[in-house]
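# Fold and geometry: a report
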Amino acid sequence: MARRKIILGNESSFINKSFPIFEFHISKEVRNKYNFGDELFSINGNVILADFHAVRLFVQKLNAKREVKDHVASGHVNAAGLMDEIYHYLFRLYEVKVNPGVFKKALNHLNENIGEEKTRKVLFDFVSQFPPVDLHKGKISSFDYLNSFSADRSNAEITIEEMILLFVANFNPANKKLIELFDENYLSEKELYKKVINSLDSFFRNEKKFGPENQDIFTLFKAPIINNPDNIEAQLDFIREKFGILLDEKFLKRILS
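Residues numbered from 1 in each chain as written. Predicted model: local features only at pLDDT ≥ 70, side-chain atom pairs only at ≥ 80, totals over all residues. Heavy atoms only, no water.

### Looking at the overall build of the protein
The helix and strand tally for the protein stands at 13 helices and six strands. Looking at the protein as a whole, 56% of its 257 residues qualify as buried. Look at the contacts in the protein between residues 6 or more apart in sequence, and 69% of them connect residues 24 or more apart. Here the protein has roughly 11,400 Å² of accessible surface; of this, 48% comes from carbon and sulfur atoms. (Helix = DSSP H or I, 4+ residues; strand = E, 2+ residues; numbered from the N terminus. Buried < 20%, exposed > 50% of the residue type's maximum accessible area, 1.4 Å probe, protein only. Contact = heavy atoms within 4.5 Å. Areas by Shrake-Rupley, 256 points an atom, 1.4 Å probe, with all protein chains shown as cover.)

### What about the pattern of salt bridges?
A side chain of one charge can pair with a side chain of the opposite charge if their charged atoms are brought near each other. All chains considered together, the criterion is met by 13 salt bridges. Asp-70 is paired through a salt bridge with Lys-69; the nearest N and O atoms lie 3.3 Å apart. With relative accessibility at 29%, the residue Asp-70 sits in the partly exposed group. The shortest N-O distance in the salt bridge between Glu-95 and Arg-153 comes to 3.5 Å. Note that Glu-95 is positioned in helix H3 (residues 74-98) and Arg-153 in strand E6 (residues 153-154), a separation of 58 residues in sequence. Taken individually, Glu-95 and Arg-153 each receive the classification buried, so the pair is uniform in this respect. Connected through shared salt-bridge partners, Arg-92, Glu-95, Arg-153 and Glu-161 make up one network. (Salt bridge = Lys/Arg side-chain N within 4 Å of Asp/Glu carboxyl O.)

### Considerations on the nonpolar core
Note on soluble globular proteins: their nonpolar side chains tend to be buried together. Core analysis: the largest hydrophobic core is formed by 73 residues, its most contacted members being Ile-86, Tyr-87, Leu-90, Leu-181, Phe-204 and Phe-221. Per-element tally for this core: the top contributor is H3, with twelve residues. Not counting residues up to four positions away in its chain, the partners in contact with Leu-90 are Phe-210, Phe-221, Phe-243, Leu-246 and Leu-247. (Core = buried A, V, L, I, M, F, W, Y, C linked by side-chain atoms within 4.5 Å.)

### Some details on the environment of Phe-203
Note that Phe-203 resides in helix H10 (residues 190-205). For Phe-203, a relative accessible area of 8% translates into the label buried. It is 6.9 Å that separates the C-alpha atoms of Phe-203 and Ala-106, two residues lying 97 residues apart in sequence. Dropping the residues within four chain positions of it, Phe-203 is found in contact with Val-102, Lys-105, Ala-106 and His-109.

The following block contains the structure:
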């Protein structure tokens, strides 16, 4: 999968304040290996801007250094990127409409249950291996990034969200040909990362539920994957059928396309 930016701003139909930029991570090693650019997709407000030419260039770079049996299709990359966009959108909807400040609470939960030092350690590890654009370009240090804010959220909170979605991407068997790009094994603190993910899973189980079936966030995100483990298009169909009531019409149109 590719990095892209997700911008949820004042144009959003359900949000009246600006939100930070989110980037779908690939590891710095892979980015350098394939000479990828910083963005593949963007959404501004709830208007989705899909650059299919960029998708094709991305896939060309990827396949050029792979054996034929490991080639991926542009449609698969596009579907995987769309799924991640939708999950970021659902996180925003959950935080704004259902559970304001939930990521601040999640960070406090980690500090209390894992310890502040270990929590910082895994956050530093994550942004080092999967750096945001400015960090990758050397415009900001990991320390300054994690101690800064984007819009009204701390970058530490944003990193927690990114870690959860990295876990979901690795959990998905349909991503087997893309796993090289975002393999959680790139992390140096693997055991600590797993401990943090398990702690976050426990935290969200005890938070407010969300979605048509009133589920915790981890269960909600896993449901399309568990029902269709090897077919990402079927996962998107599941999302359209089960979560469609939550999604902007433009997401639904992209799934159908």
